[in-house]
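A closer look at the structure
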Amino acid sequence: MSDELWPAIKVERFLDESPRQYEARRAEIVSIITGFRNGRYEGALAERMEERLIALQDGLLLPVAA
């Protein structure tokens, strides 16, 4: 599907978040949302990805450092 059909993915930066943490969290959020938009997740995997997405958006879960 074309990205033109979907609204832009906006990720707010938390006040206590470093630029590096923000970029890693934003990239993971974009990846998960894009996966949902493209129908990549089903069943239990979709539930796990939704939980991870919510945690990332709420700042409860930081991405694993590379």
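Just so you know, these numbers come straight off a predicted model, no measurement behind them.

1. Some words on helix α1 (residues 19-37)
Compared with an ideal rise of 1.5 Å per residue, which puts 19 residues at 27 Å, α1 spans 26 Å between its outermost C-alpha atoms and is within 8% of the ideal. Tucked inside the fold, the buried residues of α1 contact α2 (43-58).

2. Considerations on α2
Look at α2: 23 Å from first C-alpha to last across 16 residues, which is about the 22 Å you get at 1.5 Å a residue. By the burial criterion, the buried members of α2 are Ala-46, Met-49, Leu-53, Ala-55 and Leu-56. Gly-59 sits one or two residues past α2 and shows a positive phi near 80°.

3. So, the pattern of salt bridges
On inspection of all chains with the given rule, the structure shows three salt bridges. Taking the shortest distance from any N to any O, the salt bridge between Glu-17 and Arg-25 comes out at 2.6 Å. Each of the two residues, Glu-17 as well as Arg-25, counts as buried. Where Glu-28 meets Arg-52, a salt bridge forms, and the shortest distance between an N and an O atom there is 2.4 Å. Remark: Arg-52 occurs in helix α2 and Glu-28 occurs in helix α1; sequence separation between them is 24 residues. Taking the relative accessible area as the measure of exposure, Arg-52 reaches 22% and is therefore partly exposed.

Reading the values: rules and limits
- Residues numbered from 1 in each chain as written.
- Predicted model: local features only at pLDDT ≥ 70, side-chain atom pairs only at ≥ 80, totals over all residues.
- Heavy atoms only, no water.
- Helix = DSSP H or I, 4+ residues; strand = E, 2+ residues; numbered from the N terminus.
- Expected span 1.5 Å × (residues − 1).
- Contact = heavy atoms within 4.5 Å.
- Buried < 20%, exposed > 50% of the residue type's maximum accessible area, 1.4 Å probe, protein only.
- Salt bridge = Lys/Arg side-chain N within 4 Å of Asp/Glu carboxyl O.

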